[in-house]
Amino acid sequence: MAFRNLFVYPKYPENLTRLYQLAYNLWCTWNYEAINLWYRIDAKKFREVHHNPVRLLLGLQADRIEELSKDRGFLFELDKVWQKYQDYITYRSRPDRPDGTKLAQDDLIAYFSMEFGLHECIPIYGGGLGILAGDFLKAASDLGMPMVGIGLVYRYGYFTQKINLNGMQEELFVEFDNHLVPMREVRDQAGQPMYIQVELLGQPLVIKLWEVQVGQTRLILMDTDIDQNPLELRSITDELYVADKEKRLQQEFVLGIGGAKALSALGIRPKIYHINEGHSAFLIVARLEELIKQQNLSFVEAKALIRASTVFTTHTPVIAGNENFQTTLVRKYIEPELARIGLSFEEFARHAYVGDSKEIFWLPALAIRFARYVNAVSELHCEVSRRMWAGLFPGLPTNEVPIEYVTNGVHSSWLSASFTDLLNRHIGPDYIHQAGTKDLWDKINQIPDEQIWEAHRRNKHSLVTFVREKVMKDMADRGFITSRTLKLSRLLNPDYLTIVFARRFAPYKRPNLLLKDKERLKRILTDRERPVQLIFAGKAHPADTFGKNMIKEIIDFTKAYGLEDRVIFLENYDIDVARHLVWGADVWLNTPIRELEASGTSGMKAGINGVLNLSVLDGWWPEVYDGTNGWAITAGELYKHSEFKERAEATQIYDLLEQEIIELYYDRNEEGIPEKWVAMMKASISSIFRFVNMNRVLLDYQDKFYVPALQYMQALSSDDYRQLRQAIQQRQAIISAWEKIRFIEFKTDADQASRLIEGQSLRTWCLVDLDQAPAELIRVELYYGFQDDRFTLIPMALVERNGNIGRFEATIQISGYGKQQINARIRPADPILQDLHPELIKWAS
C-alpha cells in the first residue's frame, strides 16, 4: 500500500508571521538576539532539535502558539529582532557602506561547491571545505556582495559517527527531512515546485530545486530523490562523498551541468563563475554548450570567454588527493554532451590530463586550464600548488605558474556570544560589515583584563556543561546507565588547562602525535598542582582505516592509563560540537605534516575567541604567528626522516607545555587572573580576527579576481568580440609558424664583464629565426629573476631584420645583488593568445 506524502504548515496568528519568516533565513541562526528568541520560546526543545528554528516552530502546540501571540514582552523582542533583520538585509542598498565592495548588483557571482556547512541542522557538509563555503556565503551576505550558491542536497548528508565498545568508529546514515529545516522548495510563477531535466546515459534525470536563504545570499540546491526518477537515479544525491566512483561522478555531473541549467531555468545570469575545488568542474561542459550552441561561437572563442569569467580555488596540496576518474568512465557520461556541440571527447579531455598519461581524467587540471584566475588558500599552499601543477605549464618557471592565493578566513558568527558582546561594546557592532583595519582591532587591547577573562570563563563553563551532557546522552543512547556513566557526568574541570584537538582524523593531520611518549603525557595531565585535560573530536572517512585506528589509539590510551576524566573523545564532530570547542578551549592544538595543510580554519575560529594556537607552521598560521599570539611547533623542520621529525615535534610540545604554557596559564594575580595569558589572548583576537575575517577574504577575491575578471570579460565581449576574434585570426598564423621560430643566439654584456655591480646597466641581445612569420606576431622578452623568486619581464625591441633573422635588444638596470637569473624567451604578442596557449613559449637557453 503506497501513501502520498503531504506537508501541512501550521496556522499561526498574524502577529507571529514575522517569527515564521525569520525561521527560514539562516541569519536567525547566527544573530544572538534572534537565537535568544528561539530559546525564549522553549529552550529545552530548541536544544533537542539541534537549534533548528523551523523544527522548533513546527513542533509547537496550538496553546503555546496562542500564548506567544499574546505575550507582549515576547512580541516586543520579536519586533526588535525583526528591525535588526530588516536593517541587515537592506544593507546592500546603503550608499555609505564602509566595506569596500566594488561590484554592482548585476555583477553576479555563481559559487559552486560540493558541500556547504551552514548550520548543524542542514547536514550537507563533511568538513572544512563545506564550512568554508558556508562562511563564504554568509560573508557575501554581510557585504551585500552579489552572489548565489549552487550545490546538492543529500538525503543522508554526511555520516553520523558512533564509537563502539572497542573504540572503533562506526558510520550511521540518518535521513533528514528537507521540509523540517530552513529550506524551501523553489517555486515557479504559478506557485508550483520547480524541476529541471538533464540527460544521463540516454535517460532523463529530473532534478528538484530547493533554496536556502543565507541572509541576503541565496543558495540553490539540487535533489534527485524524487518519484519521477528510477531508483538507481534517485540515489545520486543520497550521500555526500559517496565511495562508489561512478555514483560520485554522477553527483558531479549533476552539480556542474545540472547547476548551470538550474541557474538558466531560474533566469539567473551570472557574470563570474567560482568553482570551489574540482568537484564542480563539469560546469565547463554546460558553459561550452551554451556558448557554442546558443551563441554560435567556436570552441576556442568559448574557451577564452570561460577562462575570462572563471575563478577556480584549489584546496588540496597532494596531487593524489585531487578529484579524478578513469578517463573511460568520464567518456561514458561526458561524450554524449560534447557530441551535441560537435566537440570530440579527445579534444576536450586533453585539458584534464596531467603529463603523458591519458588514463586519468583530473577535474582540477580541467578547471585550471579553463580558469584564468586560479588560487590556493594560503601563501604556503600557493608555493606547494605551483610546484604540484607546474606540469600543466611546462614552459614556465615555478614562480610564474599562474596560481595566486587568498588565505582562507572565518565568518564572525564563530565568535561566541560573550566575545560578541565585548566587541560590540568596545569596538562597535559594525565590524561584521568590515574587513577590519589595524586601528579598529587594536581597540581589543583597551578591553580590561577581567572582562576578557570572564568572557572566556563563561565559554569554558559552557563547554564543560556541553561535554558532560553530550557524553551522558551518547551513553544513554547506547543503554549504558551505570555508575561509570554517573562518574562521567562530572568529568572535566573548568579550572584546568584545557587543550583541544578537533578536525578530520587523517594520517597527515597526526592527531596521535601527542601520544608519542605516553608516560610523559600522563605525568603532564595528572600533575596535582597544575592539571591538564585533553579533548579530541573528529571523524575519519569511512574508507580511511588509518584514521579510524588513530581514534582507537586515543581511546585505548585513555582506558589503559586510567585517564577517562582527563582525556575525552567526543563523537560525531559537527558544527555544534565545533562551536563549543572553539569557544571554550584554552589551547588549540594543530599538528599536520608541514605543507599538507592547505589552510585550516578551526584554529582561526579558536583564535578569534582568545584561544591560543599551538601549531605546526603550516597553512594559515605562518602568516599570523608573531610570537605573542600563540606558539609554533618547529623542531621537526630540522629532520627529513618522518620518525625523527615526529619525535622532535612531540618532544617540543611536551617541553612547551611543561616549561611555558602550563606555567603561564596557572600564574595568577591577586584577582585570580593570569595577566600574561590574557595579554596573549588579546594579541590572538586582535591579530587573528583582523586577518582571518571572512569579509577580508571576499574583498581579496573581489580585488584580485572578480573585478579583473569583469573588466577582462568586458574587453573580450565588446564590439561583438572584436579583440577576441582578431586574436583568433592571428592564432592560426602563430601555430603554423611556431615550430620553425627559434633562437639562434642570446648574448649579454655579462659574458665579457669581469664582474657585475648593483646599479650597473646590462645590455642584452638575441638573434631569432622568424622563418616567414611577421615580427609583430611574437613578443621577445627578457626574464630577470631574483633570489627570492621575484622576477620582472622586459620587452626586447626588434632593432633589425635581415630576411628571416631578427635582432632584438634590451637594456636593464641591475637591481640588488647575489645570485640572479636572466634569459630570453618568445611568446605570442597578443595577450589573449598568451592566456589561451601558455604552452607557446620558447627559451633561448
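Structure shown above.
The model shown is predicted, which means the values in this text are computed figures rather than measured ones.

J.: Describe helix α11 (residues 327-339), listing the residues and the values that go with them.
T.: Bending of α11 peaks at approximately 40 degrees at the position of Tyr333, with proline Pro336 no more than four residues after it. Burial in α11 covers these residues: Thr327, Leu329, Val330, Tyr333, Ile334, Glu337 and Leu338. Summarising the contacts, the buried residues of α11 are in contact with β6 (195-200), α8 (245-265), α9 (283-294), β11 (324-326), α12 (345-349) and β12 (360-362).

J.: Give me the packing of helix α24 (residues 642-666) against helix α25 (residues 675-692): which residues, what numbers.
T.: Interhelical geometry of α24 versus α25 gives an angle of 105 degrees and a closest axis separation of 6 Å. With respect to α25, the element α24 is oriented roughly perpendicular. Of α25, the residues touching α24 (which contributes Ile661, Leu664 and Tyr665) are Lys676, Trp677 and Met680. Of the residues belonging to the contact of α24 with α25, the class tally is 5 nonpolar, no polar and 1 charged.

J.: Let's hear about the pattern of salt bridges: which residues, and what values?
T.: This model, assessed by the stated rule, comprises 60 salt bridges. Between Arg387 and Glu595 there is a salt bridge, with its nearest N and O atoms 2.7 Å apart. Of this pair, Arg387 sits in helix α14 (residues 379-388) while Glu595 sits in the loop between β18 (587-590) and α22 (602-607), and the two are 208 residues apart along the sequence. With a relative accessible area of 44%, Arg387 lands in the partly exposed category. The shortest N-O distance in the salt bridge between Asp749 and Arg763 comes to 3.9 Å. Here Asp749, found in the loop between β21 (742-748) and β22 (761-769), pairs with Arg763, found in strand β22; they are 14 residues apart in sequence, far enough to count as distant. Owing to a relative accessible area of 27%, Asp749 belongs among the partly exposed residues under this scheme.

What counts, and at which threshold
- Residues numbered from 1 in each chain as written.
- Predicted model: local features only at pLDDT ≥ 70, side-chain atom pairs only at ≥ 80, totals over all residues.
- Heavy atoms only, no water.
- Bend = angle between axes of the 7 residues up to and from the residue.
- Helix = DSSP H or I, 4+ residues; strand = E, 2+ residues; numbered from the N terminus.
- Buried < 20%, exposed > 50% of the residue type's maximum accessible area, 1.4 Å probe, protein only.
- Contact = heavy atoms within 4.5 Å.
- Axes fitted to C-alpha atoms, helices over the stretch in contact; angles between N-to-C directions.
- Parallel < 35°, antiparallel > 145°, perpendicular 65-115°, else oblique.
- Nonpolar A, V, L, I, M, F, W, Y, C, P; charged D, E, K, R; others polar.
- Salt bridge = Lys/Arg side-chain N within 4 Å of Asp/Glu carboxyl O.

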